[in-house]
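# Tertiary structure, described
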Amino acid sequence: MKLIIQIPCLNEEATLPETLADLPREVDGITDVEWLIIDDGSTDATVEVALANGVDHIVRLTNNRGLAAGFQAGLDACLKLGADVIVNTDADNQYYGADIPKLVEPIIAGRADMVIGDRQTDTIEHFSPIKKRLQKLGSWVVRQASETDVPDTTSGFRAYNREAALQMAVVSRFTYTLETIIQAGKLLVAVEDVPIRTNPKTRESRLFPSTWSYVRRNSISIFRIYAQYEPMRVFFSAAVVLAVAAVIPFTLFFINWVQGDGAGHVQSLIFGAVLFNAAVVMGALAVIGDLMHAQRIMSQRIFERVRRVELELGVPPSHYEPGATPTGQAATTGAHSAPSPSEHRAQLQQEEASR
Ligand SMILES: Nc1nc2c(ncn2[C@@H]2O[C@H](COP(=O)(O)OP(=O)(O)O)[C@@H](O)[C@H]2O)c(=O)[nH]1
Ligand SMILES: [Mg+2]
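### Comments concerning the environment of Asp-22
Along the polypeptide, Asp-22 turns up in the loop between helix H1 (16-21) and strand E2 (32-40). Among the residues examined, Asp-22 registers 16 C-beta atoms within 10 Å and is labelled partly exposed. Between the C-alpha atom of Asp-22 and that of Ala-98, which follows or precedes it by 76 residues, the distance is 6.6 Å. Setting aside chain neighbours within four positions, we find Asp-22 in contact with Asn-93, Gly-97 and Ala-98.

Quick look at the structure:
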């Protein structure tokens, strides 16, 4: 069983060495542990530092595409490099490398396809009260949308098995953490969480320069993702609220009209009509959103199958550069040396025949 630990990086030369120093090279139940970084257009010496510290694989994106795109490119490369289990961690040494065995245990034991490290955010000192509260609210919304019970939905410390990684198709540009949980809840992916430790803060967050930006960006992401995955609930609820609101001015007008004073309350009639119109538009959006959602599920299934075919054909990962082995030599375990599933099957057939 091969484990690849992937680290998305944007200008991380300062903290990458300590992050890598804490990563395990041996994990119970795993035969090979390899490291991969996704360099998302860094302008510092991230790649050189990674190579000097023994990173086995580099995915080097030409310009900055954002964390979610980098994460997806990393998953894709890990699959093509033959990973059975993929762990994602941060380059700022936020997470405790020694907890990786804990994180992959449910996958090795066959209980889970995706495991999320729970930072127990209540206990993190440098999180402000507002960040903690938003974290709780956001996690609650994601749990509702995903029908899972993940406590810490924005944790970047996670493990995926091959099946989970094959099914993930993140389209958000900014965050992958919330979307992958919602997808997992809707697909054939069993999710578990384990408590994990975090290290003291090494630097300010790159993703959220301030608490306000954390609140704003996460709220927008949560709303967009929820509307993408539950369009019927979002837009139909809005339609019902507007329709009910329209009844109030209509009733007012009707009462006055019955009493013979209809002409004096035309404003109520117009206002009611505007609200009713808005309700109809929301209803239409609910139907269109629902159709698009069905379409999305079909696209995602096709995408998953294309990926399986790619793996079968041995298509190499894109933007890939082999890294260094722990001894500092050029890697020999590149994309092509891992047996592809078809080679593997041919091997098995040969063994079968020779018995
Ligand atoms: N690929 C990619 N990674 C990024 C980008 N911005 C931040 N990262 C990486 O994402 C991880 C999390 O970033 P961090 O600043 O620690 O965010 P926080 O943990 O949410 O506060 C780190 O490993 C960063 O190097 C980006 O634009 N692209
Ligand atoms: Mg971090």
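### Some remarks on helix H7 (residues 177-186)
With eight of ten residues buried, H7 is to be regarded as a mostly interior element. Looking at the packing, one finds that the buried side of H7 touches strand E5 (114-118), helix H5 (129-146), helix H6 (162-167), strand E7 (191-195) and helix H8 (211-229).

### Some points on the sheet that holds strand E6 (residues 158-161)
Taking strand neighbours across the sheet as the criterion, the eight strands line up as E7-E5-E6-E4-E1-E2-E3-E8 in an open arrangement whose pairing is mixed. Edge positions in the sheet fall to E7 and strand E8 (320-322), since each of these pairs with one other strand and no more. Neighbouring strand axes in the sheet, compared pairwise and without regard to direction, differ in orientation by 20 degrees on average. Those strands touched by helix H4 (residues 100-108) are strand E1 (2-9), strand E4 (85-88), E5, E6 and E7, and its axis lies near 140 degrees from that of E4.

### Describing the domain arrangement of the protein
By convention, interface size is frequently given as the accessible area that disappears when the constituent parts associate. For the protein, the assigned domains are domain 1 (2-229 + 303-322) and domain 2 (231-292). Centre-to-centre separation of domain 1 and domain 2, based on C-alpha positions: 45 Å.

### A few points about the nonpolar core
Grouped together as the largest cluster of nonpolar side chains are 66 residues, with contacts concentrated most on Cys-78 and Ile-86. Of the residues forming this core, the biggest block, nine residues, is contributed by helix H3 (residues 67-80). Not counting residues up to four positions away in its chain, the partners in contact with Ile-86 are Ile-4, Gln-6, Leu-75, Cys-78, Ala-159, Tyr-160 and Ala-165.

### Some details on the site of ligand 1
Surveying the vicinity of ligand 1 reveals 19 residues, the closest of which are Asp-40, Gly-70, Ala-91, Ser-205 and Arg-206. Mapped onto the shell around ligand 1, the elements with two or more residues apiece are E1, E2 and H3. Among the elements that line the shell around ligand 1, the one with the most residues is E1, at three residues. A class-by-class count of the residues in the shell around ligand 1 yields eight nonpolar, six polar and five charged.

### Considerations on the environment of Arg-224
Along the chain, Arg-224 turns up in helix H8. Residue class for Arg-224 comes out partly exposed when judged on the 15 C-beta atoms lying within 10 Å of it. With 192 residues separating them in the primary sequence, Arg-224 and Asp-32 have C-alpha atoms 39 Å apart.

### Examining unusual backbone geometry
Despite not being glycine, Gln-120 has its phi angle at roughly 50 degrees, a positive value. The residue Gln-120 is located in the loop between E5 and H5 in this model.

### Focus: the packing of H7 against H8
Between H7 and H8, whose axes approach to 10 Å, the crossing angle comes to 25 degrees. It follows that H7 is roughly parallel to H8 by the angle criterion. Judged by the twist between their axes, the crossing of H7 over H8 is right-handed. Listed contacts from H8 to Leu-178, Glu-179, Ile-182 and Lys-186 of H7 are Ser-221, Ile-222, Ile-225 and Tyr-229. Across the contact of H7 with H8, the residue classes tally to five nonpolar, one polar and two charged.

### Concerning H4
Among all positions in H4, only Ile-100, Leu-103, Val-104, Pro-106 and Ile-107 are buried. Taken end-on, H4 shows its buried residues confined to a sector of 145 degrees, consistent with a single buried face. Downstream of H4 by one or two residues, Gly-110 has phi in the positive range, about 80 degrees.

So, how was this worked out
- Residues numbered from 1 in each chain as written.
- Chains lettered and ligands numbered in written order.
- Predicted model: local features only at pLDDT ≥ 70, side-chain atom pairs only at ≥ 80, totals over all residues.
- Helix = DSSP H or I, 4+ residues; strand = E, 2+ residues; numbered from the N terminus.
- Buried ≥ 20, exposed ≤ 12 C-beta atoms within 10 Å, placed from the backbone.
- Contact = placed C-beta atoms within 7 Å.
- Pairing = 2+ DSSP bridges.
- Axes fitted to C-alpha atoms, helices over the stretch in contact; angles between N-to-C directions.
- Domains from an automatic or database assignment.
- Core = buried A, V, L, I, M, F, W, Y, C linked by C-beta atoms within 7 Å.
- Near = placed C-beta within 6 Å.
- Nonpolar A, V, L, I, M, F, W, Y, C, P; charged D, E, K, R; others polar.
- Parallel < 35°, antiparallel > 145°, perpendicular 65-115°, else oblique.
- Left-handed = near helix turned anticlockwise from the far one by under 90°.
- Arc of directions from axis to C-beta.

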